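Okay, here's what each chain looks like letter by letter:
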Amino acid sequence: MPTMIEPGFEKRLQALSPRQALAFMAALGERLMPNYRLYAEIGAPGDAHGVTSILALVWESLGVRDANINFERQAEKLAACEPPEDDDSFGARIARDLTLALSACMDVLSGPAGEAPVDVSRLSIGGIERFIEMSAGEAIQDDTEREALIDTHELMSDERAFQLAVLERVETQTLDREGLRELRALGKNEGFSNLGLTADQTDE
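Residues numbered from 1 in each chain as written. Predicted model: local features only at pLDDT ≥ 70, side-chain atom pairs only at ≥ 80, totals over all residues. Heavy atoms only, no water.

This paragraph deals with a negative patch on the surface. The grouping of D142, D143, E145 and E147 at the surface amounts to a negative patch. Among the structural elements, E145 can be located in helix 7 (residues 143-152). (Patch = residues over 30% accessible without salt bridge, like charges linked within 9 Å, V, L, I, M, F, W, Y side chains within 5 Å. Areas by Shrake-Rupley, 256 points an atom, 1.4 Å probe, with all protein chains shown as cover. Salt bridge = Lys/Arg side-chain N within 4 Å of Asp/Glu carboxyl O. Lys, Arg positive; Asp, Glu negative; His and termini not counted. Charge placed at Lys NZ, Arg CZ, Asp CG, Glu CD. Helix = DSSP H or I, 4+ residues; strand = E, 2+ residues; numbered from the N terminus.)

On to the environment of E129, then. Mapping E129 onto the fold places it in helix 6 (residues 116-136). You can call E129 buried: its relative accessible area is 13%. Sequence-wise, E129 and I150 are 21 residues apart; in three dimensions their C-alpha atoms are separated by 6.3 Å. (Buried < 20%, exposed > 50% of the residue type's maximum accessible area, 1.4 Å probe, protein only.)

Glancing now at the environment of H153. Its place among the elements puts H153 in the loop between helix 7 and helix 8 (154-172). Here H153 falls in the partly exposed class, since its relative accessible area comes to 26%. With 25 residues separating them in the primary sequence, H153 and I128 have C-alpha atoms 9.6 Å apart.

Under the criterion given, the structure shown has 12 salt bridges. The salt bridge involving R184 is made with E30; its shortest N-O contact spans 2.8 Å. You can see R184 sitting in helix 9 (residues 177-188) and its partner E30 sitting in helix 2 (residues 18-41), a full 154 residues away along the chain. Classification of E30 as buried rests on a relative accessible area of 5%. With a shortest N-O distance of 3.5 Å, E30 and K188 are connected by a salt bridge. Linking E30 in helix 2 with K188 in helix 9, this pair joins segments that are 158 residues apart in sequence. Judged by its relative accessible area of 24%, K188 falls in the partly exposed class. Ionic contacts of the salt-bridge type, sharing partners, join the residues E6, R12 and E171 into one network.

What follows concerns the packing of aromatic side chains. Scanning all chains against the criterion turns up 3 aromatic pairs. Taken together, a centroid distance of 6.4 Å and an interplanar angle of 55° make the contact between F9 and F24 tilted. Residue F9 is located in helix 1 (residues 9-14), and its partner F24 is located in helix 2; the two are separated by 15 residues in the primary sequence. For the pair F9 and F24, a shared accessibility class is recorded, and that class is buried. Between the aromatic rings of Y36 and Y39, the centroid separation amounts to 6.4 Å while the plane-to-plane angle is 65°, which identifies the pairing as edge-to-face. Of this pair, Y36 and Y39 both sit in helix 2, 3 residues apart, roughly one helical turn. As far as the burial class goes, Y36 and Y39 line up, both buried. Above the ring of F162, the side-chain terminus of R31 is found at 4.3 Å from the ring centroid. (Phe/Tyr/Trp six-rings, centres within 6.5 Å; stacked < 30°, edge-to-face > 60°. Lys NZ or Arg CZ within 6 Å of the ring centre and 35° of its normal.)

With 21 residues, helix 6 should cover 30 Å at 1.5 Å per step; its first-to-last C-alpha distance of 30 Å lies within 8% of that length. Most of helix 6 is tucked away: 15 of the 21 residues are buried. (Expected span 1.5 Å × (residues − 1).)

The quantities given are spatial measurements derived from coordinates; they are silent on function.
Structure follows, in structure tokens:
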């Protein structure tokens, strides 16, 4: 059973306008970015500059009405940033979480939000669950112990607080230039990812 942020959280996500949903996903994307950067830094076939540029254009689309951005072209660039399908390493999987989140942003820019914000919320949660399981290794004896460990882990507590803070901002604050700047800063999380990891940010 997937970890929940809190009862009713996903229904609130489904009720967001497309613009609110996009802002929510962009903030989560910012917090996923260091994971991708670390994957690229170890010499993997990733493109940290490429994904950073795409996410910056998502923010631009939120801040500039009728911004002239060819998102079909950006979707093509994003495909080139995805980790190879045959790379099932942990680094590739958490890097792929970011490219999937950015792909969801592309979808919302060209149509209804639908389940996209829920999917991105679950992506971030899922990465944390995998990280906790990997860190615990053979110490986890059964599903009950696994669920208890994940539910009470500091990273999951931080994730719940973070996603709630982002949702409350997009629900209640005006998404003008200043509001978006503050939301993006919240997403950047002082350079730390949802897994508590940080990476070089010279590409920004």
